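Summary of structural features
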Amino acid sequence: MKKRMDQIKSNISDVFELPKDIVMDLPKITMIGNMQVLVTNHKGLIEYTKNIIRINTNCGVLKIIGADMCIKTIITEEIIINGTIEGIEFLY
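Please read all numbers here as calculations on a predicted model, not as lab measurements.

1. A closer look at a nonpolar patch on the surface
Together, Met5, Ile8, Ile12, Val15, Phe16 and Leu18 give the surface a local cluster of nonpolar side chains, amounting to about 570 Å² of exposed area. Note on placement: isoleucine 12 falls in helix α1 (residues 2-16). Relative accessible area serves as the criterion here: at 39%, isoleucine 12 is assigned to the partly exposed category.

What follows is the structure, encoded as structure tokens:
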């Protein structure tokens, strides 16, 4: 049922040319080089160390791996992470 609903939302997004991240409640991840990551539409912080940051999202857990990472900003809808970003992966 959820898969069907996601397909309907995706189709509506395409027809009306609306951003999928808003219509489907998906996270939006923006990287600036390997120095900064901006995650919007997150569901909370799970783990925070200088080398690993895990963020909960509607489509799984976002894992950011790096060195000397710190959270510059964390608000309800947005997290900004600074440091040396070495990798990003989704864990389902």
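2. Here's the deal with the pattern of salt bridges
Counted according to the given criterion, the structure contains one salt bridge. For the salt bridge of glutamate 47 with arginine 54, the shortest nitrogen-to-oxygen distance reads 2.8 Å.

3. Some remarks on the sheet that holds strand β4 (residues 52-57)
Read across the sheet, six strands follow the order β1-β2-β6-β5-β4-β3 without closing on themselves; strand pairing throughout is antiparallel. Each edge of the sheet is formed by a strand with only one pairing partner; in this case those strands are β1 (28-32) and β3 (45-48). Going across the sheet, the axis of each strand differs from the next one's by a mean of 35°, ignoring polarity. Alignment of β4 against strand β5 (residues 60-75), held across six bridges, turns out to be antiparallel. Note that in β5 the partner of arginine 54 across the bridge is lysine 63.

4. Observations concerning the environment of arginine 54
For arginine 54, the location among the structural elements is in strand β4. Those residues in contact with arginine 54, other than ones at most four positions away along the chain, are Leu45, Ile46, Glu47, Val61, Leu62 and Lys63.

5. Some words on the pairing of β1
Relative to strand β2 (residues 36-40), β1 runs antiparallel, the two sharing five bridges. Its bridge partner being in β2, threonine 30 is matched across the sheet by leucine 38. Counting the residues between successive antiparallel strands, the hairpin from β1 to β2 contains three residues, one of them, glycine 33, with a positive phi of roughly 55°.

6. Quick look at the side chain of histidine 42
Inspection of the secondary structure puts histidine 42 in the loop between β2 and β3. Only 3.0 Å separates the side chain of histidine 42 from the backbone oxygen of isoleucine 75, close enough to count as a polar contact. A polar contact is formed between the side chain of histidine 42 and the backbone oxygen of threonine 76, at a distance of 3.4 Å. Look past the residues within four positions of histidine 42 in its chain and what remains in contact with it is Ile55, Asn56, Ile75, Thr76, Glu77, Glu78 and Ile79.

How each quantity is defined
Residues numbered from 1 in each chain as written. Predicted model: local features only at pLDDT ≥ 70, side-chain atom pairs only at ≥ 80, totals over all residues. Heavy atoms only, no water. Patch = residues over 30% accessible without salt bridge, like charges linked within 9 Å, V, L, I, M, F, W, Y side chains within 5 Å. Areas by Shrake-Rupley, 256 points an atom, 1.4 Å probe, with all protein chains shown as cover. Salt bridge = Lys/Arg side-chain N within 4 Å of Asp/Glu carboxyl O. Helix = DSSP H or I, 4+ residues; strand = E, 2+ residues; numbered from the N terminus. Buried < 20%, exposed > 50% of the residue type's maximum accessible area, 1.4 Å probe, protein only. Pairing = 2+ DSSP bridges. Axes fitted to C-alpha atoms, helices over the stretch in contact; angles between N-to-C directions. Contact = heavy atoms within 4.5 Å. Polar contact = N/O pair within 3.5 Å; in protein donor to acceptor, adjacent residues only side chain to side chain.

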